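Given next are the chains, with one letter for each unit.
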Amino acid sequence: MPSILLVLGAVTALGAAFASQYWGGLTPCEMCWWQRYAYMAAIVPLLPSALLRLPAAQRRASLLLGGLVFLVGAGISLFHAGVEQKWWEGFTACTAPISAGGLDDLRAAILAAPAVRCDDIPWSLFGISIAGFSAIASLMLALFAVKAAFSKEPVP
């Protein structure tokens, strides 16, 4: 049951991110995508224990690995929130994907893409940006996963 809740938590976070993009008009920056990748990656080790009845050791490993991925996601989100708050500098290199079509195709792709800076805060609530909320959610999910992994309660 904890694995199902953790997968639902990751799917909910991804749903909110995509809803803010497609319905809210908030174009994600490169670090926003990294946060999404962390949620996607957390689902992978959690899915077997969410869908199958695993032995306790495998269930624990699944939860701990999922918790570790959520913790990495919290670190990414916290780093992004720090860049937004100007606590530290973000990456200064271009993060545009390299196109196999040549320099003209790459230039066209860069010019067609909306310019989204990682140090801008497109939306906040109570002074907390989306990256800040993602850091809080990822940390809570990581703690829940670790607590569930070491829980002595029987799994239904």
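Refer to the preceding data block for the structure.
Hey, could you run me through the nonpolar core in this one?
Soluble globular proteins tend to bury their nonpolar side chains together. Residues Leu6, Tyr39, Leu46, Leu63 and Phe70 are the most contacted members of the largest nonpolar core, which totals 17 residues. Mapped onto this core, the elements with two or more residues apiece are α1 (2–22), α2 (30–51), α3 (56–84) and α5 (130–149).

When you look at the layout of surface pockets in this model, what are you seeing that I'm missing?
Space left empty within the atom packing is revealed by a probe, the size of a water molecule, rolled over the atoms. The calculated volume of the second largest pocket comes to roughly 480 Å³. Around the second largest pocket, the lining is made up of 26 residues, and of these Ala17, Ser20, Cys32, Ile130 and Ala131 lie nearest the centre. Counting residues per element, the ones that place at least two in the lining of the second largest pocket are α1, α2, α3 and α5. Residue composition of the lining of the second largest pocket, by class: 17 nonpolar, 5 polar and 4 charged.

It is not clear to me how a nonpolar patch on the surface should be interpreted in this structure. Could you clarify?
Side chains of Leu65, Leu68, Leu71, Val72, Leu139 and Leu143 sit close together on the surface and give an oily, nonpolar patch of about 560 Å² of accessible area. Looking at which element gives the most residues to the nonpolar patch, the answer is α3, with 4 residues. Mapped onto the fold, Leu65 is located in helix α3. According to the relative accessible area criterion, Leu65 is partly exposed, its value standing at 45%.

How do you make sense of α1 when you look at a structure like this?
Residues lying three or four places apart along an α-helix face the same way, a consequence of the helix completing one turn every 3.6 residues. Taking 1.5 Å as the rise per residue, α1 with 21 residues should run 30 Å; its terminal C-alpha atoms sit 30 Å apart, in good agreement. For α1, the full list of buried residues reads Ser3, Leu6, Val7, Ala10, Leu14, Ala17 and Gln21. Projection of α1 onto a plane perpendicular to its axis shows the buried side chains occupying an angular sector of 100°, all on one side. Summarising the contacts, the buried residues of α1 are in contact with α2, α3 and α5.

Rules and cut-offs
- Residues numbered from 1 in each chain as written.
- Predicted model: local features only at pLDDT ≥ 70, side-chain atom pairs only at ≥ 80, totals over all residues.
- Heavy atoms only, no water.
- Core = buried A, V, L, I, M, F, W, Y, C linked by side-chain atoms within 4.5 Å.
- Buried < 20%, exposed > 50% of the residue type's maximum accessible area, 1.4 Å probe, protein only.
- Helix = DSSP H or I, 4+ residues; strand = E, 2+ residues; numbered from the N terminus.
- 1 Å grid on protein atoms, 1.4 Å probe; cavity = no way out; pocket = protein on both sides within 12 Å on 5 of 7 lines; lining within 4 Å.
- Points joined across faces, edges and corners; volume = space filled by probe spheres on them.
- Nonpolar A, V, L, I, M, F, W, Y, C, P; charged D, E, K, R; others polar.
- Patch = residues over 30% accessible without salt bridge, like charges linked within 9 Å, V, L, I, M, F, W, Y side chains within 5 Å.
- Areas by Shrake-Rupley, 256 points an atom, 1.4 Å probe, with all protein chains shown as cover.
- Salt bridge = Lys/Arg side-chain N within 4 Å of Asp/Glu carboxyl O.
- Expected span 1.5 Å × (residues − 1).
- Arc of directions from axis to C-beta.
- Contact = heavy atoms within 4.5 Å.

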